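Descriptive structure summary
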Amino acid sequence: MVLALEYDLFEILVGRKDDADYKRKPVIIQGITGSFGSTHTKLMKEYGTNVAAGVTPGKGGQTYEGIPVFDSMGEAVKATGATISGMFVPAPFFLKAAKEAFDSGIKLLVAVPEHVPILDSIKAMEYARSKGARMIGPNTPGVIVPEVMKVGIMPARPFKQGSTVVFSRSGTLMYEVSYELTKAGFGQRLCFGIGGDPINGTNLIEAFDLVNNRDDVSSVIVVGEIGGDAEETLADYLIEIDFKKAVVAYIAGRSAPKEKRMGHAGAIVYGNYGSADSKFSKFAAAGIPVAKRPAEVPILLESRLKPD
Amino acid sequence: MKLLEYQGKELFAEYGIPIPSASLAYSKDEALKDSTKFEFPVVLKSQLTVGGRGKAGAIIKCSNSSDLGLAFDVLSKKEVKGELPRGILIEEVVDKKSEIYLSIFLNRSRRCYSLIASAEGGVDIESVTNKVIFDIPLGGLLREQAQEAAAKLGLQDVSFEAFVDFAMRISTLVKEKEIELAEVNPIAILKDGSLIALDSKIIVDDNAMFRHPELRKYEHVSEIERQAGKSGFSLVELYGDIAIIGNGAGLVMSTVDMVTDRGGRAGCFLDFGGGATTQTIYEALKVISKIQQIRAILVNLFGGIVRTNLVAQAILDAYKNNLVNVPVYARITGAESEKAKAMLVGSKAKLYDTVEEAIEQVVRQVA
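The sections below set out a description of the structure shown in this document. (Residues numbered from 1 in each chain as written. Chains lettered and ligands numbered in written order. Predicted model: local features only at pLDDT ≥ 70, side-chain atom pairs only at ≥ 80, totals over all residues. Heavy atoms only, no water.)

1. As for the sheet that holds strand β8 (residues 142-145) of chain A
- As summarised here, the arrangement of the seven strands in space is β9-β8-β11-β10-β12-β13-β14 (chain A), forming an open sheet in which the pairing is mixed. Two strands in the sheet have a free side with no partner beyond their single neighbour: β9 (149-152) and β14 (290-291) of chain A.
- Where β8 of chain A and strand β11 (residues 188-193) of chain A come together, two bridges link them in antiparallel fashion. Along β11 of chain A, the bridge assignment pairs V143 of chain A with F192 of chain A.
- Seen against the sheet, helix α7 (residues 249-261) of chain B touches β12 (219-225) and β13 (246-252) of chain A and runs at an angle of roughly 80° to β13 of chain A. (Pairing = 2+ DSSP bridges. Helix = DSSP H or I, 4+ residues; strand = E, 2+ residues; numbered from the N terminus. Contact = heavy atoms within 4.5 Å. Axes fitted to C-alpha atoms, helices over the stretch in contact; angles between N-to-C directions.)

If you want it as structure tokens, here you go:
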């Protein structure tokens, strides 16, 4: 099921070229005064993100790094007109914070918290859908438009502007693969973490839909891992829609034992369900090469494209 | 968290789902004593989290107490896929007419809960072609849906009603306890048409455990896993001699794959998560030091804001305090890496520019 969304993701993040605030879209940080939220707010700001406000209940009226803090999302949205929120609250507060964000008019929620109960993720996703909004995550490192802005916890160094897109189920592997791409001359237009949980607010198929018609995207890298069938359903979908852009995949966890949760809540194999073999064979059927290690990704991409 | 059969059946009983009378024993004496409560034959079932128990011979039918004693000895020593049983369940043998299959599970790609039912029970559901599958609302299974499934399974009269009731109760259990998978394979249909759960497979959402303290009693972690959990790490014990640690589950999985490709054997998977500090690395080495078979440690850290010289200091501290004495092969991207390399000269630890180089060296070391 594909979400009906009022706006294009790029448009939400950076705006239209003729917008006055093009590339300076305001962002609100939920949980700005926490240790995690505050550290990354500072880094986001340094990177160029327009962090216009923060929310921490009970801390309204304060400022952090010159950014006004509000008690509620309603007040923060009213003051800034923001439609993007980066969420850094502890997992037990995720659902309440997500509903508050969508109720206040947020159209893109980047949910960083790990360890969110599955039921809460499904509820938040359904809530977003009812409001015509999108959620990325939870358990995502966030989204970055290299050299423009980022909402999340990714370091700046691996990323460079270009025309490749990276969608990843893992945070550090997104950095690692992007870094390999950057070193090989393949810059990125957009990278985001799908999330390491069994339920993703924006899944791989929806992520591909976001970039399918964009002229500024030449290729897409999928960083998958064992568990679930997101890669398998994606492979079927790409065959079905006859996806034209170059696609290269990497799958982590092929040597992991069965029925063991490998760090991510979503990284677990039951029988053949979620196994690396199942994903490899589906990608092979879709004609998508799968790298054996992160450093092989640009080599495989090179064989399909010339560097930017 | 995956529950053992008897634990799942405890939850079934709590939700009014019929189960055979049974008793859990940890010793032969206990088993013999408990068996007097039953009429023979009884069935002895190893309590394991791994699947494939029947095929592995970890379920034995016994027709008298001397059989039972022998079967108990066999089962208590029998490893299935590397796992020893945590108790043996003694269960009455029911007089069944046929078997069916039912599960309610989190359907990841459809991002909702789904139900699968089949008139063929006791077999691998993946291999069954004739099955009913449909999505259910977040609020739980609808009675009409349960009735439709019962009709498609060809159930009638008593069995039809019993199935509807059974499925509704499983749905309530899934919803209230936040369960990822509740599978009953098989459900026996008895001579009188009533239904009874012969097995249980329950996986609870670990992330929802804070709302279910009553399920904590089912948690079963090794001492090493407990220590790792206390430090906020994810740890999976493996069987090789190279400990693999890093920041991020995907990165560590990827490193395990690459080590395996080079002929190395991973001894553990340890993800210490984002925001690594000197203290984090030190704590991770402390956890690793408790795993006996480790002969070398491979660190793969994709640093964002971490300073590598601080990581190097943590490794040196761990050596100094005799926490570890095996060599450490590290790949750490981040600031000050030349300084970190220089600091480690003369120690058993070495820093590499790429993970491939570090892997080549660590595999050579333990070969």
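From this point on, the discussion continues.
2. Re the environment of Q293 of chain B
Residue and element names in this part refer to chain B.
- Along the chain, the position of Q293 falls in the loop between α8 (278-288) and β14 (296-307).
- For the pair Q293 and A243, spaced 50 residues apart in sequence, the C-alpha to C-alpha distance is 9.2 Å.
- Aside from chain neighbours lying at most four places away, what touches Q293 is L238, Y239, G240, D241 and G267.
- At a separation of 3.2 Å, a polar atom in the side chain of Q293 contacts the main-chain carbonyl oxygen of G240. (Polar contact = N/O pair within 3.5 Å; in protein donor to acceptor, adjacent residues only side chain to side chain.)

3. Remarks on the sheet that holds strand β1 (residues 22-25) of chain B
All names here are of chain B.
- Across the sheet, four strands lie side by side as β1-β4-β2-β3; this open sheet has antiparallel pairing. In the strand order of this sheet, the two ends are held by β1 and β3 (59-62), each with one partner. Averaged over all pairs of adjacent strands, the angle between strand axes in this sheet comes to 20°, irrespective of strand direction.
- Judged from the five bridges that link them, strand β2 (residues 42-46) and strand β4 (residues 88-92) form a sheet pairing that is antiparallel. Bridged to L44 within β4 is I90.

4. Observations concerning the nonpolar core
- L13, F167, L190 and F192 of chain A are the most contacted members of the largest nonpolar core, which totals 100 residues.
- Setting aside residues no more than four positions away along its own chain, L13 of chain A makes contact with K25, I84, L108, V143, V145, M149 and L190 of chain A.
- Counting residues in hydrophobic clusters, the runner-up holds 48 residues, among them L102, I136, L155 and V184 of chain B. (Core = buried A, V, L, I, M, F, W, Y, C linked by side-chain atoms within 4.5 Å. Buried < 20%, exposed > 50% of the residue type's maximum accessible area, 1.4 Å probe, protein only.)

5. Points about the pairing of β12 of chain A
All names here are of chain A.
- In terms of burial, β12 is largely enclosed, as seven of its seven residues are buried.
- Burial along β12 is two-sided: S219, I221, V223 and E225 and V220, V222 and G224, pointing in opposite directions, are all buried.
- Summarising the sheet, strand β10 (residues 161-168) and β12 pair through five bridges and their orientation is parallel. Counted as the bridge partner of T164 is S219 from β12.
- Pairing between β12 and β13: seven bridges, direction parallel. In the sheet register, V220 faces β13, and the bridge partner there is V247.
- As for the winding sense of the linkage, the β-α-β connection from β12 through helix α8 (residues 230-241) to β13 is right-handed. (Right-handed = clockwise from strand over helix to strand, strands pointing away.)

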